[in-house]
Structures are given as structure tokens and as C-alpha cells.
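Below, each chain spelled out in residue letters.
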Amino acid sequence: ATHRDAPTAAGSGANATDRFKSDKTTQGAGTPPERVNLLAREVLSAVHETIRRHKVTYEEYNALKAWLIDVGETGEWPLFLDVWVEHVVEDVATEHRQGSRGTIEGPYYVPGAPEQGARGSVPTRADEPGTPLVWTGQVTSTDGPALAGAKIELWHADADGLYSQFAPGIPEWNLRATFTTDAEGRFEIHTIRPAPYQIPTDGACGKLIAAAGWHPWRPAHLHVKVSAPGHELLTAQLYFPGDEHNDDDIASAVKPELILEPKPADDGETVSYGFALDPV
Ligand code: MBD
Ligand code: FE
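Residues numbered from 1 in each chain as written. Chains lettered and ligands numbered in written order. Predicted model: local features only at pLDDT ≥ 70, side-chain atom pairs only at ≥ 80, totals over all residues.

Draft legend 1. Main features of the nonpolar core. Core analysis: the biggest nonpolar cluster contains 49 residues, and V139, I152, L154, C205, V226 and L277 have the highest contact counts within it. It is strand β9 (residues 234-239) that contributes the most residues to this core, four residues altogether. Other than its neighbours up to four places away in sequence, L154 contacts V122, A177, F179, I189, L222, H223 and V224. (Core = buried A, V, L, I, M, F, W, Y, C linked by C-beta atoms within 7 Å. Buried ≥ 20, exposed ≤ 12 C-beta atoms within 10 Å, placed from the backbone. Helix = DSSP H or I, 4+ residues; strand = E, 2+ residues; numbered from the N terminus. Contact = placed C-beta atoms within 7 Å.)

Draft legend 2. Representation of the pairing of strand β8 (residues 221-227) within the structure. Within β8, five of the seven residues are buried, which leaves the element mostly enclosed by the surrounding structure. In this structure, strand β3 (residues 151-156) lies alongside β8, joined through six bridges in antiparallel fashion. Considered in β8, the bridge of I152 is made with V226. Of the pairings in the sheet, the one linking β8 to β9 comprises six bridges and is antiparallel in character. Residue pairing across strands places L222 opposite L238, the latter belonging to β9. Between the antiparallel neighbours β8 and β9 lie six residues, among them G230 with a positive phi of about 75°. (Pairing = 2+ DSSP bridges.)

Draft legend 3. Local environment of the sheet that holds β3. The sheet built from four strands is open, its strands ordered β4-β3-β8-β9 with antiparallel pairing. Looking at strand neighbours, the two that pair on one side only are β4 (176-180) and β9, the edges of this open sheet. Strand-to-strand twist of the sheet, defined as the mean angle between neighbouring strand axes without regard to direction, takes the value 20°. Relative to β4, β3 runs antiparallel, the two being bridged by five bridges. Bridge assignment links E153 to a residue of β4, and that residue is T178. (Axes fitted to C-alpha atoms, helices over the stretch in contact; angles between N-to-C directions.)

Draft legend 4. Molecular detail of the site of ligand 1. Taken together, L79, D82, V83, I104, G106, P107, Y108, Y197, R218, A251 and A253 make up the full set of residues adjacent to ligand 1. When grouped by side-chain class, the residues that make up the shell around ligand 1 number eight nonpolar, one polar and two charged. (Near = placed C-beta within 6 Å. Nonpolar A, V, L, I, M, F, W, Y, C, P; charged D, E, K, R; others polar.)

Okay, here's the thing in C-alpha cells:
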């Protein structure tokens, strides 16, 4: 890549902000005033309490103000919220479920990825770097039966940790696809193993991480949305054993049930992992 199309925090941030606006911006617009009053008051009280307890100075208050302005200007509200807040929303939203565990969606999902049937490959570049991965599995209902015609939407980073449609210079649907289970609920997906993901160091989120002395890493992961008529949508991520950030993901989104057990194969790796969906 030339310098001009090098990935930047502001570039992926602007794309993630646009993506959010085109899909989800009107969700929750009808939240009743009593609820807004309750939640806004409690969040503000928690901020006030922190200021009093730690005797926050004007210098620190102005650093916060400058940083919040920067989050907006670099388009990083989706990244900030999904990394540091979404995992708790996801826990609360799914605590009633009996079926497969899920985790956060993150900022880089795009609906409508190309349909590949029950068995096929995700779109890749001719010279796509990365270890080939063949993933087989079955989608069932927690009621018992296999779910034919269930949709598995898959998206993930490439071997450089970059996502198509958010980093520049990558074909539109690279490493993004939709699969549909066969009559027995089964699927077979051919892709590559993604690299770990690093929060951009040149944006507001990167500045917070550096200023606080944290690290910017998420472990390597595959994102999925699994859906079938009459069942709750499952949003999950799958991880690889031995990744050094499985235990300290900056986005707090790893759960032991989501770690794959890949096995070496002639040309790369194979893995078996399926999903059980809760009826609505
Ligand atoms: C990612 O790839 C991701 O999955 C999350 C949750 C946040 C930032 C980048
Ligand atoms: Fe991700």
C-alpha cells in the first residue's frame, strides 16, 4: 500500500460512524422520558462521585473535554463504545438464554455479505495471506431439531488485522460472506485464520490507551451472526487457543465457550464448531 491508502484511525472511524448511522441510528429513539431520566441521572451521578472521590482538577477536566471532542472528530464513538461498554450490554441482553453463548458485535459488521450456500469459500484476494481454515458445524434449536436454512454471516480481519470496508485498499466483501445451512442444518466454510486486531494508535482511543498505560490488542477472532426463523439472533466471536490476549482482551469479549479447537490438516487447519439457537 502507498502512504495515501495506509489505514488510519480517522479513516476506519469515519467508516464505522457512517455504517452505524445507516443501520442503527434510529433504534431506541422512542425510549420513554422516565427511563432516560433514570439512566442519565445515574450515569452523571457516577461521574460526579468519581470527581469528588479523586478530587479531579480543572486540568484533568479539560483533558477529558479535549479527548471527548477528539473521539467525535476521529469518528471513534463506535470503536470506543464497542470496546469498553458493549460487553456489559451483551451480557445483560443474553443472560436468559439456554443456547450457545454469544459476545459483542463490535464496529465492523456489514449486512448483506455475498451468499455462498451451505458449503463454500469466503471471498478472498488471489494471493490472500494466512493459514487456510476449514470450519464445519451444525446449527440446531435448543428445542432439539437441526435448523435447515439457518443463516451464518461471517466477517473477520485479514492476516494484517484489517477489515474490508473499514481499512482502505481491500476489495469490498473480502473475508465477508453469508452461508445457509443444508437440510441437516450443516455448513462447511473455507476461509483463513485472521490476525489479532490492534486498536489504531493514531486516534482518540489509542491516545487513551497510551495515556493509561494499557495495551491495544484484541485476540484473533472470527465474527458471526447466526439466525433462523422463530429463533433469537446469535451474535458471537470465535477465538483461537494460545492467543496471548485471550486472557486480557481490550474489549473484554472472550468467553471460554468461544475458544475453538483447531486441528492441523494437509493444507492449514480444520475446526468443528456449531450453534444452538434459543426459540423466540
Ligand atoms: C474489532 O475487530 C472488534 O471486534 C471489536 C469488538 C472492537 C474493535 C475492533
Ligand atoms: Fe473484530
